[in-house]
Amino acid sequence: MDAQLDDKALEDTLAESLADLVPDAQTVSEDEFVEVVGGALEAVGGMLLFKMCVQNEGEGQHVAAACVGDGGNRQFLLLTLPTGGGALKVETASRSSNPVAGIAAAYAGLMDVFQAAA
């Protein structure tokens, strides 16, 4: 398998594994969101970087940033889910228009520095 997964293929793979995990509830708690994201990332060998709840165009949404791969092959993902329930959206950070996408790579770089210093 190509070490640098095609962005679209990565998004599709995650979306498929998530389809069964998303609760049908009207509202989604942060704990439920973390559980869903954790399960999806496990399926592709990814790692959760951080999560937050933001207002986007007047709608609350859970946002998680994650990475898959390591070194030069590392890719960053953004997983978003409306707090009111709905479809979980998976995007590579490079294709996402979400403002949080830009933070993902910077955060991972910061974590690399901290780990090297520890």
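Not measured: the values here are computed from a predicted model.

### Description of the nonpolar core
Right, on to step 1. Membership of the largest hydrophobic core comes to 17 residues, with the highest contact counts inside it found for L14, F33, V37, L77, L79 and L88.
Right, on to step 2. Sorting elements by how many residues they give to this core places helix α2 (residues 30-44) first, with six residues.
Right, on to step 3. Formed by 13 residues, the second largest nonpolar core is a distinct cluster that contains L49, F50, L78 and A108.

### Some thoughts on the confidence of the model for the protein
Right, on to step 1. Averaged over the protein, the pLDDT score is 82; the fraction of residues at 70 or greater is 86%.
Right, on to step 2. Within the protein, the element-level pLDDT minimum falls on helix α1 (residues 7-19), averaging 72, and the maximum on strand β2 (residues 59-68), averaging 91.

### Let's talk about the layout of surface pockets
Over the atoms, a rolling probe the size of a water molecule traces out where space has been left empty.
Right, on to step 1. One number sums up the size of the largest pocket: a volume of about 210 Å³.
Right, on to step 2. As for the largest pocket, its lining consists of 14 residues, of which N56, Q61, T80, K89 and N98 are closest to the centre.
Right, on to step 3. A per-element tally of the lining of the largest pocket places strand β3 (residues 75-82) first, with three residues.
Right, on to step 4. Tallied by class, the residues present in the lining of the largest pocket amount to four nonpolar, six polar and four charged.

### Quick look at the pairing of strand β4 (residues 89-92)
Right, on to step 1. As judged from the four bridges shared by β3 and β4, these two strands associate in the antiparallel manner. Across the sheet, residue L79 finds its bridge partner in β4, namely V90.
Right, on to step 2. The turn linking β3 back onto β4 is made up of six residues, and G85 within it adopts a positive phi angle of 90 degrees.

### Observations regarding the pairing of β2
Right, on to step 1. In terms of burial, β2 is largely enclosed, as nine of its ten residues are buried.
Right, on to step 2. Bridge count between strand β1 (residues 46-56) and β2: ten bridges; the pairing is antiparallel. Within β2, the position partnered with V54 by the bridge is Q61.
Right, on to step 3. Hairpin connection of β1 to β2: two residues between the antiparallel strands, including E57 at a positive phi of 50 degrees.
Right, on to step 4. Alignment of β2 against β3, held across eight bridges, turns out to be antiparallel. By the bridge assignment for β3, Q61 is matched with P82.
Right, on to step 5. Between β2 and β3, which pair antiparallel in sequence order, lie six residues; one of them, G69, sits at a positive phi of approximately 85 degrees.

### A few points about the pattern of salt bridges
Oppositely charged side chains can form a pair if their charged atoms are brought close together.
Right, on to step 1. Evaluation of the coordinates by the stated rule reveals three salt bridges.
Right, on to step 2. E30 is paired through a salt bridge with K51; the nearest N and O atoms lie 2.9 Å apart. Taken together, the residues E30 in helix α2 and K51 in strand β1 connect sequence positions 21 residues apart.
Right, on to step 3. Here E30 falls in the partly exposed class, since its relative accessible area comes to 37%.

### Quick word on helix α3 (residues 101-117)
Right, on to step 1. Along its 17 residues, α3 runs 26 Å from first to last C-alpha, staying within 8% of the 24 Å computed at 1.5 Å per residue.
Right, on to step 2. Among the structural elements, β1, β2 and β3 are those in contact with the buried residues of α3.

Reading guide: rules and limits
- Residues numbered from 1 in each chain as written.
- Predicted model: local features only at pLDDT ≥ 70, side-chain atom pairs only at ≥ 80, totals over all residues.
- Heavy atoms only, no water.
- Core = buried A, V, L, I, M, F, W, Y, C linked by side-chain atoms within 4.5 Å.
- Buried < 20%, exposed > 50% of the residue type's maximum accessible area, 1.4 Å probe, protein only.
- Helix = DSSP H or I, 4+ residues; strand = E, 2+ residues; numbered from the N terminus.
- pLDDT = per-residue confidence, 0-100.
- 1 Å grid on protein atoms, 1.4 Å probe; cavity = no way out; pocket = protein on both sides within 12 Å on 5 of 7 lines; lining within 4 Å.
- Points joined across faces, edges and corners; volume = space filled by probe spheres on them.
- Nonpolar A, V, L, I, M, F, W, Y, C, P; charged D, E, K, R; others polar.
- Pairing = 2+ DSSP bridges.
- Salt bridge = Lys/Arg side-chain N within 4 Å of Asp/Glu carboxyl O.
- Expected span 1.5 Å × (residues − 1).
- Contact = heavy atoms within 4.5 Å.

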